[in-house]
2 protein chains.
Amino acid sequence: MLLYNSQVSGNCYKVRLLLAQLGIGYERHELSVVDRSNRAQLLGELNPGLRVPTIVLDDGRAIAESNAIIYYFASGTPYLPHDLYERAKVLQWLFFEQYSHEPYVAVVRFWVAFAPSPPSSQEIEARRATGYLALDAMERVLSRQRFFVGGDYTIADIALYAYTHVAGEGGFDLERYPAVREWLARVADQPGHVTISA
Amino acid sequence: MLLYNSQVSGNCYKVRLLLAQLGIGYERHELSVVDRSNRAQLLGELNPGLRVPTIVLDDGRAIAESNAIIYYFASGTPYLPHDLYERAKVLQWLFFEQYSHEPYVAVVRFWVAFAPSPPSSQEIEARRATGYLALDAMERVLSRQRFFVGGDYTIADIALYAYTHVAGEGGFDLERYPAVREWLARVADQPGHVTISA
């Protein structure tokens, strides 16, 4: 199995973290998050979005979109509940992550920490403000429960951990989110946890 | 069952279309897509994103995020394949829709057709250009296959139909996408199809 990977990408980290916890081995093909000139050549036939992560199974079939990949591998494992309603709630958080969290928390981190020519500080600040709304929503939920769905650690936690735990690299202040910080520690404490640099 | 709905929202239309095709009845509570002042009061306990669609099941439990809702109701029906890999591909397209299509095609339509104070024409044009990238990707896939996953109509088609079929309201020119236009006609031809105004 082959993972088209960028080591600094939180989206790729979701896949690496789950596969580590499942004990599933794979090879990595490292792509740059800055120089994307080879994306169409490498990923054109595999992923219409030309993004990492893209995973190629042993039979040659590909899956794209980080949250689709982790949902696939988590199926039938303790990282995805069996109950249909709880699965819907996991998906709800996965879509929340991609629509309301990643485009703000991850993009601001990219601009601040990696982009060769980031936009204006006003533009960064405006996007950071929307990222804080996602963190506010997480804080409200996590002040009442230990994990996002059903009391146990699931891929909903993996998906939201990926960019939240490095939000400081984008200038987000997590000091104001005590429940989020306790949850980050609980996630990092799960068996088989690996860091984003692993 | 109660659907918090906005009639013009493509995200809500996904849910209405699937429930119509499944023959599942429900009540609607109509919310404005422009005046959102009552969202926290109505949806605060139901949906951390404060968005429509939000659905409340008969037992009072809620599900948010349009694509999580349609995945839930499609489970065990012909609108979601049983095969695990095909399900992953359905999810891939659902995440593509929310990350690469909706924020451009739907947001431009909202700005052009509904927003009381839309941004500058340069900003609209820039976002429309990114929307065209999503339509380009759809055209490439649909020039080779009748539906997005596995040869049959699934919720991947419902999700992508919702805003594509009204893209013209956002100034997108679909004339350049013959495969997309043929697919739109195939989707509209499915048994039990209802329009966005129904």
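Everything numeric in this text was worked out from a predicted model, so none of it was measured.

1. Observations concerning the domain arrangement of chain A
Residues and elements named next belong to chain A.
Part 1 of the argument: Partitioning chain A into domains gives domain 1 (2–74) and domain 2 (84–188).
Part 2 of the argument: The C-alpha centroid of domain 2 is placed 20 Å from the C-alpha centroid of domain 1.
Part 3 of the argument: With 17 residues of domain 1 in contact, the opposing surface of domain 2 contributes 18 residues.
Part 4 of the argument: Between domain 1 and domain 2 lies a buried interface of about 1500 Å² when both sides are counted; carbon and sulfur atoms form 65% of it.
Part 5 of the argument: For the domain 1 face of the interface with domain 2, the top three residues by lost area are K14, N67 and Y71, together amounting to 34%.

2. A word on the sheet that holds strand β3 (residues 54–56) of chain B
All names here are of chain B.
Part 1 of the argument: The strand order across the open sheet built from four strands is β2-β1-β3-β4, with neighbouring strands paired in mixed fashion. If you trace the sheet from one side to the other, it starts and ends with β2 (27–30) and β4 (62–64), each paired once. Strand-to-strand, the axes of this sheet are offset by a mean angle of 20°, without reference to chain direction.
Part 2 of the argument: As judged from the three bridges shared by β3 and β4, these two strands associate in the antiparallel manner.

3. A few points about the nonpolar core
Part 1 of the argument: Counting 124 residues, the largest nonpolar core has A:F148, A:I155, A:W183, B:F148, B:I155 and B:W183 as its most contacted members.
Part 2 of the argument: Once residues lying within four places of it in the same chain are set aside, the contact partners of B:W183 are B:M138, B:L142, B:R146, B:F147, B:F148, B:D157, B:L160, B:Y161 and B:T164.

4. Observations concerning the interface of chain A and chain B
Part 1 of the argument: On the chain B side, the residues contacting the 30 residues of chain A number 30 residues.
Part 2 of the argument: Both sides together, the interface formed by chain A and chain B hides about 3000 Å², and carbon and sulfur atoms give 66% of it.
Part 3 of the argument: For the chain A face of the interface with chain B, the top three residues by lost area are A:Y85, A:F95 and A:Y99, together amounting to 25%.
Part 4 of the argument: For the side of chain A that touches chain B, the element with the highest residue contribution is helix α4 (residues 84–113) of chain A, accounting for 15 residues.
Part 5 of the argument: Of the residues assigned to the side of chain A that touches chain B, the class counts are 19 nonpolar, five polar and six charged.

5. Some thoughts on empty space enclosed by the protein
Part 1 of the argument: Counted by the stated rule, this structure contains one cavity of 30 Å³ or more.
Part 2 of the argument: Counted as a void, the largest cavity has a volume near 80 Å³.
Part 3 of the argument: In terms of lining, the largest cavity is formed by A:Y99, B:N11, B:N47, B:R51, B:V52, B:P53, B:E65, B:S66 and B:Q98.
Part 4 of the argument: Taken together, the residues of the lining of the largest cavity sort by class into three nonpolar, four polar and two charged.

6. Things to note about the environment of A:P53
Part 1 of the argument: Within the element layout of this structure, A:P53 appears in the loop between α2 (39–43) and β3 (54–56).
Part 2 of the argument: Residues in contact with A:P53, not counting those within four places in the same chain, are A:L3, A:Y4, A:N11, A:C12, A:V15, A:N47, A:A64, A:E65, A:S66 and A:I69.

7. Quick look at the packing of aromatic side chains
Part 1 of the argument: Tallying each qualifying case throughout the model produces 24 aromatic pairs over all chains.
Part 2 of the argument: With a centroid separation of 4.1 Å and an interplanar angle of 15°, the aromatic rings of A:F95 and B:F95 are classed as stacked. Placement of A:F95 in helix α4 and of B:F95 in helix α4 (residues 84–113) is noted, with the two residues assigned to different chains. With respect to burial, A:F95 and B:F95 carry one shared label: buried.
Part 3 of the argument: Between B:W93 and B:F96, the aromatic rings sit 5.1 Å apart at their centres with planes inclined by 75°, giving edge-to-face as the arrangement. Placement of the pair is B:W93 and B:F96 together in helix α4, with a separation of three residues, close to one helical turn. For the pair B:W93 and B:F96, one class covers both residues: buried.
Part 4 of the argument: An aromatic cluster of three or more residues is present, and its members are A:Y13, A:W93, A:F96, A:F148, A:Y161 and A:W183.

8. Side note on the packing of helix α6 (residues 155–164) of chain A against helix α7 (residues 178–188) of chain A
Residues and elements named next belong to chain A.
Part 1 of the argument: Between α6 and α7, whose axes approach to 11 Å, the crossing angle comes to 110°. The angle between α6 and α7 falls in the class roughly perpendicular. Like other packed secondary-structure pairs, α6 and α7 cross with a definite hand, here left-handed. Note on element contacts: α7 touches α6 through V180, W183, L184, V187 and A188, opposite D157, L160, Y161 and T164.
Part 2 of the argument: Considered class by class, the residues forming the contact of α6 with α7 number seven nonpolar, one polar and one charged.

9. Section: unusual backbone geometry
Part 1 of the argument: Going from A:V52 to A:P53, the amide bond is cis rather than trans, its omega being 0°.
Part 2 of the argument: Backbone geometry places A:E65, a non-glycine residue, at a positive phi of 75°.
Part 3 of the argument: For A:E65, the location among the structural elements is in the loop between β4 (62–64) and α3 (66–74).
Part 4 of the argument: Taking the relative accessible area as the measure of exposure, A:E65 reaches 7% and is therefore buried.
Part 5 of the argument: With a phi close to 55°, B:L50 is a non-glycine residue in the positive phi region.
Part 6 of the argument: In this structure, B:L50 sits in the loop between α2 (39–43) and β3.
Part 7 of the argument: On the basis of relative accessible area, B:L50 is assigned to the partly exposed category, the value being 28%.

Quick notes on the rules
- Residues numbered from 1 in each chain as written.
- Chains lettered and ligands numbered in written order.
- Predicted model: local features only at pLDDT ≥ 70, side-chain atom pairs only at ≥ 80, totals over all residues.
- Heavy atoms only, no water.
- Domains from an automatic or database assignment.
- Contact = heavy atoms within 4.5 Å.
- Buried area = accessible area lost by both parts, 1.4 Å probe.
- Pairing = 2+ DSSP bridges.
- Helix = DSSP H or I, 4+ residues; strand = E, 2+ residues; numbered from the N terminus.
- Axes fitted to C-alpha atoms, helices over the stretch in contact; angles between N-to-C directions.
- Core = buried A, V, L, I, M, F, W, Y, C linked by side-chain atoms within 4.5 Å.
- Buried < 20%, exposed > 50% of the residue type's maximum accessible area, 1.4 Å probe, protein only.
- Nonpolar A, V, L, I, M, F, W, Y, C, P; charged D, E, K, R; others polar.
- 1 Å grid on protein atoms, 1.4 Å probe; cavity = no way out; pocket = protein on both sides within 12 Å on 5 of 7 lines; lining within 4 Å.
- Points joined across faces, edges and corners; volume = space filled by probe spheres on them.
- Phe/Tyr/Trp six-rings, centres within 6.5 Å; stacked < 30°, edge-to-face > 60°.
- Parallel < 35°, antiparallel > 145°, perpendicular 65-115°, else oblique.
- Left-handed = near helix turned anticlockwise from the far one by under 90°.

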